[in-house]
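One letter stands for each residue in the lines below.
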Amino acid sequence: TKRLNQFINSATAFLPTGAWDACGDASLTLEATDQIVLAVDGSFSNDSTAAVACRLSDKALFVLGHWERPIDADLSWRVSMDEVEGRIIEICQNYNVVEVIFDPFRWQRSMEALAQRGLPVAEMPQTPSRMVPATSGMYDAVVNGKIRHTGDPRLARHAANATPYYSRNGMMVRKQAAHSNKKIDLFVSAIMALSRADTLATTVAPKAAPAVQFIEL
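Report on the accompanying structure. Keep in mind that what you see is a predicted model, and the values were worked out from it rather than measured.

## Observations regarding the overall build of the protein chain
Here comes step 1: Each helix and strand in the protein chain was counted, giving 6 helices and 10 strands.
Here comes step 2: Scored against the burial criterion, the 217 residues of the protein chain give a buried share of 44%.
Here comes step 3: With an accessible surface of roughly 11,800 Å², the protein chain has 51% of that area assigned to carbon and sulfur atoms.

What follows is the structure in structure tokens.
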């Protein structure tokens, strides 16, 4: 199987061949009033940092930020946390962001700084108890055509790079090798964003208290 001009071992790929592409819709646009969850999967060095939004109404995915070490950069390359924070602030100013979720590992300071600005920051540690059901939700949504995406080639590449990892808690995704140059951060962000969007979209609004009326007899 070949995707994005790279051979992929379908036996170890997380998603069935063609399933991701089938959910693509290049006509998708994100409006300022759309309610979205923004998920950030942050790194520090020799990796990539991703910011993916999921729209609550139809579970459409949008890549709103991506920082990845250029091929010609040396190993001293680092993700600019200030640049990432600035982009998150810009997204929250331009869109109706219901929640900004982070894996807090190495990004606690940024989370605190953004929360102090009034942004709706929340933690989503990438623990098995959280990621196993989130990963299962993404798989089911893609296979059954319940999500859409813009066909962004970066997200498609990261989705194709994801391989299943079976822990005692269930299935998650990971890179093909610990030090592989094939990144999956955009896809992990998409998994996180979809999971929270599903939760927030199905949260039942509190019912209004019944009106109390007094009748004089």
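## Topic: the side chain of Thr49
Here comes step 1: Inspection of the secondary structure puts Thr49 in strand E4 (residues 48-55).
Here comes step 2: Once residues lying within four places of it in the same chain are set aside, the contact partners of Thr49 are Val40, Asp41, Gly42, Ser43, Gly65, His66, Trp67, Val79, Val84 and Trp107.

## Some remarks on the sheet that holds strand E8 (residues 148-149)
Here comes step 1: The strand order E7-E6-E3-E4-E5-E8 describes an open sheet built from 6 strands, whose pairing is mixed. The two strands at the open ends of the sheet, each matched to only one other strand, are strand E7 (121-123) and E8.
Here comes step 2: One ladder, built from 2 bridges, connects strand E5 (residues 60-68) with E8; its direction is parallel. Within the sheet, the bridge partner assigned to Leu61 lies in E8 and is His149.
Here comes step 3: With respect to the sheet, helix H3 (residues 108-116) is in contact with strand E6 (96-102) and E7, its orientation differing from that of E7 by roughly 145°.

## What about the packing of aromatic side chains?
Here comes step 1: Counted according to the given criterion, the structure contains 4 aromatic pairs.
Here comes step 2: Ring pairing ties together the aromatic residues Phe14, Trp20, Tyr139 and Phe187, which thus form one cluster.

## Let's talk about unusual backbone geometry
Here comes step 1: Positive phi, close to 60°, is recorded for Lys59, a residue that is not glycine.
Here comes step 2: The topology assignment puts Lys59 in the loop between E4 and E5.
Here comes step 3: Accessibility expressed as a relative area gives 14% for Lys59, which makes it buried.

## Here we look at the pattern of salt bridges
Here comes step 1: Scanning the model with the defined rule gives 10 salt bridges in all.
Here comes step 2: With a closest N to O distance of 2.8 Å, Arg154 and Asp152 form a salt bridge.
Here comes step 3: A single salt-bridge network, built from bridges that share partners, covers Asp25, Asp34, Arg55, Asp58 and Arg148.

Conventions and cut-offs
- Residues numbered from 1 in each chain as written.
- Predicted model: local features only at pLDDT ≥ 70, side-chain atom pairs only at ≥ 80, totals over all residues.
- Heavy atoms only, no water.
- Helix = DSSP H or I, 4+ residues; strand = E, 2+ residues; numbered from the N terminus.
- Buried < 20%, exposed > 50% of the residue type's maximum accessible area, 1.4 Å probe, protein only.
- Areas by Shrake-Rupley, 256 points an atom, 1.4 Å probe, with all protein chains shown as cover.
- Contact = heavy atoms within 4.5 Å.
- Pairing = 2+ DSSP bridges.
- Axes fitted to C-alpha atoms, helices over the stretch in contact; angles between N-to-C directions.
- Phe/Tyr/Trp six-rings, centres within 6.5 Å; stacked < 30°, edge-to-face > 60°.
- Salt bridge = Lys/Arg side-chain N within 4 Å of Asp/Glu carboxyl O.

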